[in-house]
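Observations on chain architecture
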Amino acid sequence: LEGQGFESPETHDAYQLAVGVGEHYVVKVDQPCIEDVEIFDTFDWRLLRRSLALCRQSNSLVLKSLKDGTILTDLETSNEPGFAWDLPPSELKERLITIIDVRTLIKMAAVQQRTTPLRALNRNGKTVVRLMHKDLFIPSQEGGTKLVSQVWLWPIRGYARRFRDLSNYLKGEGFVDTTDLDIHKKILAAAGHDPDGYSAKLDVRLSPEMRADQAMQIILRDLLQTMKLNEKGIQEDLDTEFLHDYRVAVRRTRSALSLIKGVLPAEAVASYKPEFSNLGQLTNPLRDLDVYLLKEHTYRDMLTPPLRDHIQPLFEHLHSLRAQAFQDVVAGLNSKTYRNFIRDWEAFLDIPPLAASSAPEAASPILAVAKQRIFKHYRAVSKVGAELLEHPEDERLHVLRIECKKLRYLLEFFASLFPEELIDHLTIQLKKLQDNLGNYNDLCVQIDYLLKMSEELPVKGDGSKETLLSIGYLVGRLEDKKQEIKSAFAKTMRDFAAPANKRLFRELFASNDGGAGA
Amino acid sequence: MTVLAIYSNKGGVGKTATAVNLAYLAARGGMKTLVLDLDPQSSATFYFRIKPKLKRKARGFLRPGSPIERSIKGTDYENLDLLPGDFTHRNLDITFFSHKRSKHRLGKILRPLENEYDLIIIDCLPTINILAENIFNAADVFLVPVIPTTLSVRTHEQLISFLQETRRDLSALRIFFSMVDRRKKLHQELQGVARQEFSGVLQTIIPYSSTIEKMGIERQPVPAFAPNSFVTVAYQGLWDEVKDILPVQRKRSRLRKSK
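Residues numbered from 1 in each chain as written. Chains lettered and ligands numbered in written order. Predicted model: local features only at pLDDT ≥ 70, side-chain atom pairs only at ≥ 80, totals over all residues. Heavy atoms only, no water.

1. Points about the environment of A:Gly22
Let me state the cut-off plainly: Secondary structure elements are taken from DSSP: a helix is a run of H or I of four residues or more, a strand is a run of E of two residues or more, and numbering for both begins at the N terminus.
Mapped onto the elements, A:Gly22 comes out in helix 1 (residues 14–22). Separated by 98 residues in sequence, A:Gly22 and A:Ala120 have C-alpha atoms that sit 8.0 Å apart.

See the structure below:
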């Protein structure tokens, strides 16, 4: 039995509602309640994207569905929520971990809610419809400004007709249908948020006939926007995803510049590209350390119990390294060089495309450029992949991983030029292969890193031997995993190279017209 | 879903008050609860201010798969619904008798509600016949209010011999003392006798009280209109005891005939 929500006409308050409904029913008004409500979500709106809301109200955290307003779970706590793993053991914790993962919860808005429950009774004094009048205020020192007034109706089983009557009555009085989602978005908008405004995913709409240089500018501007939006979160060290998303945008930018040559003026590209490499260099150590520290629990669980405590010095060491790496990144982002670079880059992306560009493919339609580049890199992936099925060498696996990445970025840049479901399908196929290669590479890197750390770990007291032993044990476990993943490579590669995928790549991207820039 | 039958083969023992108050406490404790008012006088229905009438097709549970769900009404309390009583229930035994597998008819009718409710409380009518057998087959736990008077205790003896004659296992049967007047010496003596003679006697005693009689005026469960009264405390105690003996998951009725 679902409730129905209405937005009240501006002048209507709980009293008028009671009087109005009172013309048809005996109305009972229950005790009103005033409550402060704070809304939490991650920076990239992971809850809202799933139509969920996490509210903190009267000493508890409540996870609600915005589809029908049902409370999914709640937890009594007076603490402000942050990371899911810091919550006390509860259903809320379990649910949040799968949704927000490593992101932290941020207070997005605060409202004051004044609710008045009412009941419509029939002649026997039996409740036949429940109502709730709800005013939302944006709190301020002057007592707050009203954001919206709502009325909610809930039917009672067996009294559906009464519910319909009241619903129609309200519509006749100028009440407008609304949902929890509408109200939630209204609150966020009033707090200055635009939940559709940020996505770590590339979000550009290109048209096939567009000039290639113009399309490139659109893609690069979107990536720059992502970088800029994450800067603050990196500097405040809220969670590790700000830096991660920032770095992905940097890497995509570098790839765009090197994979799609001949579209933007070569001299400009040559001057900006090294700066993006520098940003990669600047942030590498911090990201690496974030990755290891996020794995702290996984590593600990991999160790046999007697060794578990001895790994502690390693993490202490990593924490102190991270503190330094973080300072370096913050200093870098605040430096004049960086500020100037971003300003210049933005200005460059805003220059309207020149009719007489020095770049040979500047004026080509973007569709032709996209097809040619994607197909070229698809062929490279296929070729290296086929070789590897014959001789799986570590070095060539690395090459294949890089080729896959290039292809993936190209598919992402140009996704809007092709049918969505086909691009999605190919992306999923490619992603499976990338996951295998990526996991393998991660393990190689982790093993090297741990071995390197074991050399530079400061020697303190008698425990260091055990610490080295536990690192050695960990390396052994990771080595086992590495072999496991490697043995799954052949099947993953064959799946990707399946005839159906081959045909689809050919149909979508092979140019029959001799293609521009071939 | 667990089925709890409040049953007595004698009238006026506080059956309906027990059904209504226990249902209220169960629902308040978070169990999705349905009261099934099988009494043709529909007292439980009256207490909840609901009209004692079923939808035409559900009358007398006549048809197989008859849509009793559509006759269910929400009460004024969260988690608590009611299937109203109906005057046609006076013929329920005849109705059931005319069906195939007539002794299992009620269980079959309740089956569609299995996923919707945690607890179904049946307010039975005072009879020992085919309807009672239906209730025995459908219920997981049987709760019998007994007034500590000679007649009441005798009636309970009759019930037990009936159950033994029909070779039923008595382990799901519980009795408790209802409408107990602490001032009456006889009440106290008989309680002692009964506790020795019968097994499954619960500790809680529901006293005789005008507060319970007020349910008819207030038309609400006692804990709703008199939350601080000693009767509320008594019913809460009774519910706590009953809750502990309810099977966690629905099992086949233990009052089935033992072979």
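2. Some details on the interface of chain A and chain B
Many descriptions give the size of an interface as the accessible area lost when the pieces come together. To be explicit about the condition: Here, residues are in contact when the closest pair of their heavy atoms is within 4.5 Å. Here the quantity called buried area is the accessible surface, traced with a 1.4 Å probe, that two parts lose on coming together, added over both. Salt bridges are defined by distance alone: a side-chain nitrogen of Lys or Arg within 4 Å of a carboxyl oxygen of Asp or Glu. Contacts described as polar in this section are N or O atom pairs within 3.5 Å, which, within protein, must combine one atom able to donate a hydrogen with one able to accept it, while residues neighboring in sequence count only if both atoms come from side chains.
Contact residues are listed per partner, giving ten residues for chain A and 15 residues for chain B. Roughly 970 Å² is buried in total at the junction of chain A and chain B, and carbon and sulfur atoms are behind 32% of that figure. When the buried surface of chain A facing chain B is broken down by residue, A:Asn124, A:Lys126 and A:Arg157 rank first, second and third, together holding 61% of it. At the surface where chain A touches chain B, the tally comes to three salt bridges. Residues A:Arg157 and B:Asp81 are paired through a salt bridge, measuring 3.7 Å at the closest nitrogen-oxygen approach. The tally of links from chain A across to chain B stands at nine residue pairs in polar contact (both at pLDDT 80 or more).

3. Section: the packing of helix 14 (residues 420–456) of chain A against helix 16 (residues 499–509) of chain A
All names here are of chain A. Here is the rule: Lines are fitted to the C-alpha atoms to define the axes, a helix being fitted only along its stretch in contact, and any angle between axes, read from their N-to-C directions, falls within 0 to 180 degrees. Roughly parallel here means an angle under 35 degrees, roughly antiparallel means over 145, roughly perpendicular means 65 to 115, and every remaining angle is called oblique. Left-handed describes a crossing whose near helix is turned anticlockwise from the far helix through less than a right angle; right-handed describes the clockwise counterpart. Classification used: nonpolar for Ala, Val, Leu, Ile, Met, Phe, Trp, Tyr, Cys and Pro, charged for Asp, Glu, Lys and Arg, polar for all others including Gly.
The geometry of helix 14 relative to helix 16 is characterised by a closest axis approach of 11 Å and an angle of 135° between their N-to-C directions. Classified by the angle between their axes, helix 14 and helix 16 sit oblique to one another. Viewed along their axes, helix 14 and helix 16 form a crossing whose handedness is left-handed. Taken together, the residues of helix 16 that come into contact with helix 14 (itself represented by Leu422, Ile423, His425, Leu426 and Gln429) are Asn501, Leu504, Phe505, Leu508 and Phe509. Of the residues in the contact of helix 14 with helix 16, the class split is seven nonpolar, three polar and no charged.

4. A look at the packing of aromatic side chains
Aromatic ring pairs: the centre-centre distance and the angle between the two ring planes describe each pair. Heads up, the rule is: Here is the rule: rings of Phe, Tyr and Trp (six-membered ring for Trp) pair when centre to centre is within 6.5 Å. Planes less than 30 degrees apart are stacked, more than 60 are edge-to-face, and the remainder are tilted. Exposed residues in this analysis have more than 50% of their type's maximum accessible area, buried residues have under 20%, and partly exposed residues fall in between, with area computed by a 1.4 Å probe over protein chains only. Charge-over-ring contacts are defined here by two conditions on Lys NZ or Arg CZ: a distance within 6 Å of the ring centre and an angle within 35 degrees of the ring normal.
With the rule as written, the count across this model stands at 27 aromatic pairs over all chains. With 5.1 Å between their ring centres and 75° between their planes, A:Phe276 and A:Trp345 make a pair best called edge-to-face. Of this pair, A:Phe276 sits in helix 7 (residues 266–294) while A:Trp345 sits in helix 11 (residues 336–350); the two residues are 69 residues apart in sequence, bridging distant segments of the chain. For the pair A:Phe276 and A:Trp345, one class covers both residues: buried. Among the aromatic residues, those joined into a cluster by ring pairs are A:Phe375, A:Tyr378, A:Phe418, A:Phe496, A:Phe505 and A:Phe509. The ring of A:Tyr159 is capped by B:Lys73, whose NZ or CZ atom sits 4.4 Å from the centre of that ring.

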